[in-house]
Amino acid sequence: MLREILAITGKPGLFKILSHNGRTLIVEELLTGKRFPVSARDKVVSLGDIAMYTESDDKPLGEILDLIYQKEDGKTLDIKELVKTGSLKERFALYLPDFDRDRVHDSDIKKLFTWYNLLVEQGFTKFTEEPENDRKEENSEDKEA
């Protein structure tokens, strides 16, 4: 799911891939629905390829977004209040207690929370894919029933 959602350097918001043709992507801005081409020279990253530093291993963004969604019961976060009170890291520690406090900055957390809010407002409720094996097992159980 997150593989289709992009962040584009220099452009606010998130974008969904609609199609690609050679060296050009056609994307749609999640918030406005505006469609436009993105060339190969633009810096584009899929949210599915992003991870955050922890003390042990890197944690994929989708797993972090799922943790936030579960702990917040699907509600958005008040980012302005968190920035105002200087409590971004404290709030993030509720979801990912072992994040690397030296390498994860307030700006990273703010961006993550902004993306989370945008995705939730657009109706996203699940941020990670089920492993292929789990889907096959469910399908075989459905056939046996």
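Note that the structure is a prediction, hence the values are computed from the model and not measured.

Reading guide: rules and limits
Residues numbered from 1 in each chain as written. Predicted model: local features only at pLDDT ≥ 70, side-chain atom pairs only at ≥ 80, totals over all residues. Heavy atoms only, no water. Helix = DSSP H or I, 4+ residues; strand = E, 2+ residues; numbered from the N terminus. Buried < 20%, exposed > 50% of the residue type's maximum accessible area, 1.4 Å probe, protein only. Pairing = 2+ DSSP bridges. Axes fitted to C-alpha atoms, helices over the stretch in contact; angles between N-to-C directions. Contact = heavy atoms within 4.5 Å.

Undergrad: Account for unusual backbone geometry, with residues named and values stated.
TA: The phi torsion at Asp73 lies on the positive side, around 55°, for a residue other than glycine. Inspection of the secondary structure puts Asp73 in the loop between α1 (61–71) and α2 (79–85). By relative accessible area, Asp73 is classed as exposed at 62%.

Undergrad: Give a detailed account of the sheet that holds strand β1 (residues 5–8), specifying residues and quantitative values.
TA: What the five strands build is an open sheet, ordered β4-β3-β2-β1-β5; its pairing is antiparallel. Edge positions in the open sheet fall to β4 (35–39) and β5 (44–46), since each of these has one partner strand only. Between one strand and the next, the sheet's axes are offset by a mean angle of 45°, whatever the strand orientation. Bridging between β1 and β5 involves three bridges; their strand directions are antiparallel. Following the sheet pairing, Ala7 is matched in β5 by Val45.

Undergrad: Before we move on, can you summarise the side chain of Asp66 with the specific residues and values?
TA: Its location among the elements puts Asp66 in helix α1. Since its relative accessible area comes to 9%, Asp66 is described here as buried. With residues up to four places along the chain from it excluded, the contact list for Asp66 reads Thr125, Lys126, Phe127 and Thr128.

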